[in-house]
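Spelled out, the chains give:
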Amino acid sequence: MLSIHPGWARTAMGTFDGAVEREIELQTSVQGVADVVERHMATSKNLYLDYEDSKLPW
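Our subject in this report is the structure included herewith. From a predicted model like this one, the values you see are computed outputs, not experimental measurements.

On to the environment of Asp17, then. Topologically, Asp17 is positioned in the loop between strand 1 (2-5) and helix 1 (26-39). Judged by relative accessible area, which is 65%, Asp17 ranks as exposed. The sequence separation of Asp17 and Ser3 amounts to 14 residues, and the corresponding C-alpha distance is 25 Å. The residues touching Asp17, leaving out its near neighbours within four places in the chain, are Thr11 and Ala12.

This is the structure in structure tokens:
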């Protein structure tokens with residue numbers, strides 16, 4: 001099972017409709033999440049990662 005943090009991306013919900021500054025662009029987040037999923041598809045590990053494939057603390 002993968003739990004993936006997509007990063008603080010520019011979306012209406014993610015930036016409270018522009019009230020909060022985003023950290024990354026939406027395309028960067030989406031591509032990063034897709035890459036992480038592809039990289040870990042064949043594993044049977046339970047991981048908590050971010051969109052850059054870095055492990056996050058539980």
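Here we take up the pattern of salt bridges. Tallied over the full model, the rule gives 1 salt bridge. Across the pair Asp53 and Arg39 runs a salt bridge, and its minimum N-O distance is 3.2 Å. Linking Asp53 in the segment after strand 2 (47-50) with Arg39 in helix 1, this pair joins segments that are 14 residues apart in sequence. Overall, Asp53 belongs to the partly exposed group, its relative accessible area being 24%.

If you trace the backbone, Asp50 turns up in strand 2. Spatially, the C-alpha atoms of Asp50 and Gly7 are 6.9 Å apart, while their sequence positions differ by 43 residues. Here Asp50 is in contact with Ile4, His5, Val36 and Leu56, once residues within four sequence places are set aside.

All right, on to a nonpolar patch on the surface then. A surface patch of nonpolar side chains, amounting to about 280 Å² of accessible area, comprises Trp8, Phe16 and Val20. Tracing the backbone shows Val20 in the loop between strand 1 and helix 1.

Reading guide: rules and limits
Residues numbered from 1 in each chain as written. Predicted model: local features only at pLDDT ≥ 70, side-chain atom pairs only at ≥ 80, totals over all residues. Heavy atoms only, no water. Helix = DSSP H or I, 4+ residues; strand = E, 2+ residues; numbered from the N terminus. Buried < 20%, exposed > 50% of the residue type's maximum accessible area, 1.4 Å probe, protein only. Contact = heavy atoms within 4.5 Å. Salt bridge = Lys/Arg side-chain N within 4 Å of Asp/Glu carboxyl O. Patch = residues over 30% accessible without salt bridge, like charges linked within 9 Å, V, L, I, M, F, W, Y side chains within 5 Å. Areas by Shrake-Rupley, 256 points an atom, 1.4 Å probe, with all protein chains shown as cover.

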